[in-house]
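Per-entry structural report
So you can see what is in the structure, the chains are spelled out below.
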Amino acid sequence: MTTLWRRRNALGLILGALLIVAAPAGIEAEDNFIIVQSTTSTQNSGLFDHILPKFTEKTGIEVRIVAVGTGQALKNARNGDGDVVLVHAKPDEEKFVADGWGVKRHDVMYNDFVIVGPAADPAEIAGLKDADEAFKKIADAKAPFASRGDDSGTHKAELKLWEDAGVDAKSASGDWYLETGSGMGATLNTAVGKHAYTLTDRGTWLSFANKSDFKVLVEGDPKLFNQYGVILVNPKKHANVKAKEGQAFVDWLISKDGQAAIASYTIDGQQLFFPNAPRGS
Amino acid sequence: MLDPTIPLDGRGASLLANPPLPVELKGLSFEAGGKRVLDGVDLTIDTRGITAIMGPNGAGKSVLLRLMHGLIAPTSGEILWAGRRMDRTLARRQAMVFQRPVLLRRTAAANIWHALGLKGIVRSERSIRVGDALKLAGLESHAATPARVLSGGEQQRLCLARALSLEPDVLFLDEPTASLDPASTLAIERLLLDAQRRGIKVIIVTHDVGQARRLAQDVIFLHHGRVIEHQDADTFFECPQSEGARAFMRGGIVL
Amino acid sequence: MSDFIDAFNTALGLIVTLNPDLVEILVLSLKVSLFAVAIASVLGFAIGGALAVYNFPGRGAVSAVLSALMGLPPVVAGLFVYLLLSNVGPLGVLQLLYTPTAMIIAQVVLVTPIIGALTRQACRDLLEEYDEQLRSLGASSSAIVVTLLWDGRYRLITAVLAGFGRAIAEVGAVMIVGGNIDHVTRTMTTAIALETSKGNIALALALGIVLLTIALAVNAALMWVQRFAQRFAYA
C-alpha cells in the first residue's frame, strides 16, 4: 500500500512540476504588442532586428513580425490576423486599401533587386544595364533560373520582368525554370545548389551566408527598383485591430526617427534600404 | 509457506457465512458459436458442504460455473438462489478463482487492497482484511513483492486469499490446482476446507478425482452439456450410477 | 566541406557557452511540447481507456479513426488549428493565433491520437487477461478503466514518450499557427528552418544537435522504462 501511495505522489509531483514550468507558456500576459504582417525578404535582411528595438524603446510597444510571402501577408491582413502590413507590391497594396481593408498606404523605403548567378555565367549577362534583356538571354540560353514562385513581392517583380522580356517562363516550369514556392533564403539556397540564376533583393543577398561562388551580375536598372509600403489594417473591418499602437508604428516608420533608423542599417558598410517617405509626414 | 500440519484455527470468532441455498438451475441452456454447450440442465444444490463438478473436457463445467456466477447470461432457463433470480446483487456476494491466477501488476498486498476497494470496504477495514488474508495464505513475507513474480502456487494462494477477503457467501473455483505442485495443492485444499467450515458454500470444478474425494460432500457429473449424475460423494465414488461416470472414474476416455 | 567543419565547431561553441538565443529557443520548445503532451496525455488516457472498455455502437469506427489520426501530418494539424484560430475563424474571438498557446493547441491535436490509440491498445491487451476476474470482483466499467490505466502504466509511459518525441520534432504545425515570431513563437524546429534559409548554418547546426540529443535521450528513456518494467513483471 505504501509503495503504491508513494508512486502516486511521485507521479503527481512530476505532473505538477511540468505544469508549473509550462504554465507561463500558456499565459498570455497583457503585453503591449502589435502584429505586423511582412515579408520573408525583409526579415531575412535583418532590417527588423535593427530598427524595431528603437521603436520599442521609444514607445514601449513590442512589434511581432510574421514573415510570409506578400500575397499571404495581405491575405492574413484581410482576415484581420495582423494590425499592420508592410510589403513591397504597390499595385496590390493600393487595391488592399481601395477594397477597404487598409486605412492608408504610405511609401516607407525602397531597396533594389539584383540578378545573381554563378561565376561561370552561362547566359553571359554580367554587367548588362537592362534587366529584361538579361532575362531574355537567360531564357534563350535555357540557363537554370530559380523563381520564388510564391506570390511574393519579389515574385511579382520577377514575373513583370519576364512579361517585359516577352518570355513565357512558366511553360518551362520544371525544365530550366525552377519554381521553389519558398522564401528568398530558401530560393537562394536552391539557386546556389543548382547553379541557377535568380532575382533577389539586395538586402537578403548581402546578409545571405551561403553565397558559394555567386556574384551580383545585373544591377542598377530602374526596373529593379523595389518600393515598400506600410498600411494600418482597417479597424472598422476587424474590431480586434490595435489601431492606436498600429498607427503609432506607421507614424514612426515615416517619421524622421524611423527613416533615420532605416537608413542607418548597413551590412559590411553597405546601406540596404533607402527611406523615401514623403517629407512632412 | 503455509505449514499444512498446523491446524487452522485462531482466526477469531468470525461470523459464519449464510449462503442463499438452495441454488436451483431450471432448464439452463447455453449456446455459443452455433454449438449447444449446455443442454437443458436441471439441478438443485442444497448441501452446505463442498460441491464438486466433474466431467470430461468440453462437458460444459466451466460454462456452468460462469453462469452461476453471472459472468455470462444463459441462452434459456433460469438460476434461482433461495428462490431469488440470479442478478448483480447476488453476484456481489460471490467470488471466483480461475484456473490460471489473474493478478494485477502490483504488489501482493496491493492486489487484495484493490479488490476490497472495488467492494467499497473502508480503508481502515481494508488494512485489517489485507493483513488477515496474507496471513491466511502464508504470504505475509511477500506483502510487498510484485504479485506476478511469485511462484504459481503462491499466486493461486494469493488469488484464493483475495477471494476470501471479500467474505463471500459462495466461492466458485475452476480447476484451481490443475497446474500446481502437491504442496501448493494441499495448502489450497486446506483453505477451502476452512472456508467451508466457516459457512461459505464452495463449488469447485475439478479434474482430480483424489481432490474430489478429499473435499466434496456431493458430486455433479457433467457430460455433453447435461447432468448425468448428482450424488453425495461417498455413493458416487463407491458406485457411480452412469456408464460415463464409471468410465471416467476408471480413467478411461469418455467420448 | 571545411565550411561545415567551421559551422560545426561554431555550433559546439554556441552550445557549450549556453548562447542566450539558443537557450531561449530551447526553453520555449520544451515548454510548448511538455505542456501539450501533458494535456494530450490526460485526454489520450481517458479516450483510450474508454474506447477499450465501454461498448457502444460505432466503437470500431471511432477506434479506426483514432488509429488513422496517429499519422496526421503536422502541417495538416497546423492548418486545421490555424483555420480555427484565425481572426475570421470560429475561435477568432480568442485572439490566440501567433501565440505559444496556439502552438500548444496544435500539438495537442497532433499528439492526443497517438497517446489515445496506444492507450486503447494497451488496455485491450490487459483486458483480455483481466476482464473476467475484474467483473467477478464486481468492478464497474469506470473502475475497470482506472484499474487498466494504472496497471498498464509502463506501456502508457512509453506512449507519452512517443508523443513527446513527435511533438518536439515537428515543425509544420508550430510554424503555421505560431508564425515563427522572434522571441515569441520561435522553437528549435522553426528556428532551424529559418536559419538554414538564411544560410546561418552554425546556429541551425547547434539547434539540430540539441534536438537530436533530446530525441536520443527520449529514446534512451523509453528503453530504460521498458527494461525496468520487465524486470519487475510490470509491478
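Residues numbered from 1 in each chain as written. Chains lettered and ligands numbered in written order. Predicted model: local features only at pLDDT ≥ 70, side-chain atom pairs only at ≥ 80, totals over all residues.

We now examine the overall build of chain A. A tally of regular secondary structure across chain A gives eleven helices and twelve strands. For chain A, the residues scored as buried account for 46% of the 281 residues in total. Intrachain contacts of chain A at a sequence separation of at least 6 include 76% that bridge at least 24 residues. (Helix = DSSP H or I, 4+ residues; strand = E, 2+ residues; numbered from the N terminus. Buried ≥ 20, exposed ≤ 12 C-beta atoms within 10 Å, placed from the backbone. Contact = placed C-beta atoms within 7 Å.)

All names here are of chain C. Packing of helix H4 (residues 74–85) against helix H5 (residues 100–136) leaves a shortest axis separation of 9 Å and a crossing angle of 130°. Between H4 and H5, the angle falls in the class oblique. Considering the relative orientation of H4 and H5, their crossing is right-handed. From H4, Pro-74, Ala-77, Gly-78, Phe-80, Val-81 and Leu-85 reach across to H5, where they touch Ala-102, Ile-105, Ala-106, Val-109 and Leu-110. Split by residue class, the contact of H4 with H5 holds ten nonpolar, one polar and no charged. (Axes fitted to C-alpha atoms, helices over the stretch in contact; angles between N-to-C directions. Parallel < 35°, antiparallel > 145°, perpendicular 65-115°, else oblique. Left-handed = near helix turned anticlockwise from the far one by under 90°. Nonpolar A, V, L, I, M, F, W, Y, C, P; charged D, E, K, R; others polar.)

On to the interface of chain C and chain B, then. Contacts between the two partners involve 16 residues from chain C and, on the opposite side, 19 residues from chain B. Among the elements that make up the side of chain C that touches chain B, the one with the highest residue count is H5 of chain C (six residues). Tallied by class, the residues present in the side of chain C that touches chain B amount to eight nonpolar, four polar and four charged.

All right, on to the domain arrangement of chain A then. Often, the extent of an interface is quoted as the loss of accessible area on bringing the components together. Residues and elements named next belong to chain A. When its domains are assigned, chain A resolves into domain 1 (33–111 + 227–275) and domain 2 (112–224). Its C-alpha centre places domain 1 at a distance of 26 Å from the equivalent point of domain 2. A per-element tally of the side of domain 1 that touches domain 2 places helix H2 (residues 40–44) first, with three residues. (Domains from an automatic or database assignment.)

Quick look at the interface of chain A and chain C now. Taken residue by residue, the interface counts 25 residues in chain A and 23 residues in chain C. By residue number, the principal contributor to the side of chain A that touches chain C is helix H1 (residues 2–26) of chain A, which donates seven residues. Of the residues in the side of chain A that touches chain C, the class split is twelve nonpolar, ten polar and three charged.

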